[in-house]
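The chain contents come next:
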Amino acid sequence: VKNVAAFYLFPKLDVKKFNITSDKQFAADLLRGTNILVVPGSGFDWPDPDHLRLVMLPEPDQLREAMTRFGKFLETYHQK
C-alpha cells in the first residue's frame, strides 16, 4: 500500500509465538541477523516488549527487500 501520511510503522509482535521478553534483545537480534535497524517500543516508553518502530523512508525496492529479510528472520526466530 502506498504511503500517504506517516513515515513510520509501529507493528505489534506476537510475544508468545517468538518468546519475546525483551524488545531491545529482539531489535539487537534482528540487526545482527538481517542488518535491519529498528527502534524497540521501549525506546518510546511503550510498556510491553511487543512493539517496534520501522521507518518507511527507503526506496520501495529497498523496503521490499528489507521486509522480505524480516519475514525470513521471523520464520525461525525464538528469543533465548
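As the structure is a prediction and not an experimental result, all values here were calculated from the model.

Calculation criteria
- Each chain carries its own residue numbering, running from 1 in the direction its sequence is written.
- Only residues with pLDDT of at least 70 are given local features in this predicted model, and only at 80 or more are side-chain atom pairs given and counted; all residues enter the totals for whole chains, interfaces and linings.
- Note that water and hydrogens are dropped before the side-chain values are worked out from all heavy atoms of the structure.
- For two strands to pair, DSSP has to find at least two bridges joining them.
- Put simply, DSSP marks the helices as runs of H or I at least four residues long and the strands as runs of E at least two long, and each gets a number from the N terminus on.
- Patches in this entry comprise residues that are over 30% relatively accessible and not in a salt bridge; like charges within 9 Å are linked, as are nonpolar side chains (Val, Leu, Ile, Met, Phe, Trp, Tyr) within 5 Å.
- Only the protein chains shown count as cover for residues, and the accessible areas themselves come from Shrake-Rupley with a 1.4 Å probe.
- By convention in these notes, a salt bridge is any Lys or Arg side-chain nitrogen within 4 Å of a carboxyl oxygen on Asp or Glu.
- For our purposes a nonpolar core is just a set of buried Ala, Val, Leu, Ile, Met, Phe, Trp, Tyr and Cys residues, chained together by side-chain atoms within 4.5 Å.
- Partly exposed describes any residue whose relative accessible area lies between the buried limit of under 20% and the exposed limit of over 50%, with all areas from a 1.4 Å probe on protein chains only and scaled to the type maximum.
- Here, residues are in contact when the closest pair of their heavy atoms is within 4.5 Å.
- Whether a set of points on the 1 Å grid over the protein atoms alone is a cavity depends on a 1.4 Å probe fitting there but being unable to get out, while an open set qualifies as a pocket with protein on both sides within 12 Å along at least five of seven lines; lining residues are those with an atom within 4 Å of a point.
- Grid points are joined across faces, edges and corners, and a volume is the space filled by probe spheres set on the points.
- Throughout this description, a polar contact denotes any pair of N or O atoms lying within 3.5 Å of each other; where both atoms belong to protein, one of them has to be capable of donating a hydrogen while the other can accept it, and for residues adjacent in sequence the pair is counted only when both atoms sit in side chains.
- Axes, fitted as lines to C-alpha atoms, cover a helix only where it is in contact. Angles between the N-to-C directions of the axes lie from 0 to 180 degrees.
- For this classification, under 35 degrees means roughly parallel, over 145 means roughly antiparallel, 65 to 115 means roughly perpendicular, and everything else is oblique.
- For any helix crossing, the convention is left-handed if the near helix is rotated counterclockwise from the far helix by under a right angle, and right-handed if that rotation is clockwise.
- Charged means Asp, Glu, Lys or Arg here, nonpolar means Ala, Val, Leu, Ile, Met, Phe, Trp, Tyr, Cys or Pro, and polar covers whatever is left, Gly included.

S.K.: It is not clear to me how the sheet that holds strand 1 (residues 8–9) should be interpreted in this structure. Could you clarify?
M.R.: By definition, the strands of a sheet pair up through backbone hydrogen bonds, in either a parallel or an antiparallel sense. Strands sit in the order 1-3-2 across an open sheet of 3 strands; the sheet is antiparallel. Two strands close off the open sheet at either side, each with one partner strand: strand 1 and strand 2 (39–40).

S.K.: Honestly, a nonpolar patch on the surface in this entry has me stumped. Any pointers?
M.R.: A cluster of nonpolar side chains, contributed by Phe7, Tyr8, Val55 and Leu57, occupies part of the molecular surface with about 390 Å² of accessible area. Among the secondary structure elements, valine 55 is positioned in strand 3 (residues 52–55).

S.K.: Would you take a moment to explain the nonpolar core for this structure?
M.R.: Where a protein is soluble and globular, its nonpolar side chains tend to be buried together. Phe26, Leu30, Val38, Leu52 and Phe70 are the most contacted members of the largest nonpolar core, which has 14 residues in total. Listed by contribution, the elements that provide at least two residues to this core are helix 2 (23–34), strand 3 and helix 3 (60–76). For leucine 52, the contacting residues outside a window of four places in its chain are Leu9, Phe10, Pro11, Leu13, Phe26, Val38, Val39, Pro40, Gly41 and Phe70.

S.K.: Is there a simple way to explain the layout of surface pockets in this structure?
M.R.: Regions of empty space are outlined by a rolling probe, equal in size to a water molecule, passed over the atoms. There is about 220 Å³ of room inside the largest pocket. As for the largest pocket, its lining consists of 14 residues, and the residues nearest its centre are Ile36, Leu37, Val55, Pro58 and Ala66. For the lining of the largest pocket, the secondary-structure elements that each account for two or more residues are strand 3 and helix 3. Considering every element that reaches the lining of the largest pocket, the biggest residue donor is helix 3, with 5 residues.

S.K.: What should I look at first to understand the side chain of threonine 34 in this one?
M.R.: You can see threonine 34 is positioned in helix 2. Overall, the relative accessible area of 10% leaves threonine 34 in the buried class. For threonine 34, the side chain forms a polar contact with the main-chain nitrogen of isoleucine 36, separated by 3.1 Å. With residues near it in sequence (within four places) discarded, threonine 34 still touches Arg69 and Phe73.

S.K.: Mind showing me how you'd approach the packing of helix 2 against helix 3 here?
M.R.: For any two helices packed against each other, the geometry comes down to the angle between their axes and how far apart the axes lie. Running from N to C, helix 2 and helix 3 point in directions that differ by 115 degrees, and their axes come no closer than 10 Å. Taken together, the axis directions place helix 2 and helix 3 in an arrangement best described as roughly perpendicular. Considering how the two elements wind past one another, helix 2 and helix 3 form a crossing that is right-handed. Counted together, Phe26, Asp29, Leu30 and Thr34 of helix 2 and Arg69, Phe70, Phe73 and Leu74 of helix 3 form the full contact between these two elements. Of the residues in the contact of helix 2 with helix 3, the class split is 5 nonpolar, 1 polar and 2 charged.

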